[in-house]
Amino acid sequence: MTSTNVDFVRSIFAAWEHGDYGSADWASPEIEYVHADGPDPGSWTGLAEMASAFGDWMSAWQDYRADADRYLELDDERVIVFYRRSGRGKASGVELGQVQAKGAILFDVRDGRVRRLVHYLDRDRAIADLGLSPEDS
C-alpha cells in the first residue's frame, strides 16, 4: 500500500484543523457526503449538497474545532481519520467535551479525489461498521 492517499487526506484535515473549511478542491463533483449517525443522519450527493449539509452542521456550533488523533489506511482507496472535536452549541451552550467528542471520518479516494466522505460522530460506531478493533483507533 502507498501512503499517497494518507498524505492527501492529511492535507485536507490539516486545513480543517486550522478552521479552513472553504475549499472543496479535493472533492469529486459527484461526492457522496454521509452523516452515519448523530442528530441528522443522511446522505447528500454533489458539492452543493455537501456544502449545504456541512453548513447546517457548522451553524449549530461556536468555536468548532477538529483535531486528528490518527490516520489509518484501510486499503488502496479508503483512509479513516480518528479525531477529537471541541466547540460549544450555539443554542444549548453545551461543550462538545461534555458529550461524545471522539469521532471518525472515512475518506474514499479514487483518482486523486474524495468520492465518498462518511462522518461518524461516534468513533465506536465507525469501528464497528468497518470491522476494526478498538486498538485501531
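Since the structure is predicted, the reported quantities are computational estimates derived from the model, not experimental observations.

Visitor: Please clarify how the pairing of strand β3 (residues 61–73) should be interpreted in this entry.
Guide: The side chains of a regular strand alternate, first on one face of the sheet and then on the other. The pairing of β3 with strand β4 (residues 78–89) spans ten bridges and is classified as antiparallel. Opposite leucine 72, over in β4, you have isoleucine 80 as the bridge partner. Counting the residues between successive antiparallel strands, the hairpin from β3 to β4 contains four residues.

Visitor: Mind showing me how you'd approach the environment of leucine 132 here?
Guide: Positionally, leucine 132 belongs in the segment after α3 (123–129). C-alpha separation for the pair leucine 132 and leucine 74, spaced 58 residues apart in sequence, amounts to 9.4 Å. If sequence neighbours within four positions are ignored, leucine 132 has contacts with Leu72, Leu74, Phe82 and Ile127.

Visitor: Explain unusual backbone geometry here, please?
Guide: Most peptide bonds are trans, and most residues other than glycine sit at a negative phi. Phi at aspartate 63 is positive, roughly 55 degrees, even though this residue is not glycine. Relative to the elements of secondary structure, aspartate 63 occurs in strand β3. Of note, aspartate 111 is a non-glycine position whose phi angle comes to about 55 degrees, a positive value. On the secondary structure map, aspartate 111 appears in the loop between β5 (102–110) and β6 (113–120). Aspartate 111 sits in the exposed class, given a relative accessible area of 72%.

Cut-offs used in this document
The numbers attached to residues start from 1 for each chain and follow its sequence in the written order. Local features in a predicted model are, by the rule used here, given only for residues with pLDDT of at least 70; side-chain atom pairs are given and counted only at 80 or more, and totals for whole chains, interfaces and linings are based on all residues. With hydrogens and water set aside, each side-chain value is computed from the structure's full complement of heavy atoms. Between any two strands, pairing holds if DSSP finds at least two bridges. Secondary structure elements follow DSSP: runs of H or I no shorter than four residues count as helices, runs of E no shorter than two count as strands, and numbering proceeds from the N terminus. For this analysis, residues touch if any pair of their heavy atoms sits within 4.5 Å. Throughout, exposure labels follow a simple rule: accessible area from a 1.4 Å probe, protein chains only, divided by the maximum for the residue type, with under 20% read as buried, over 50% as exposed, and the rest as partly exposed.

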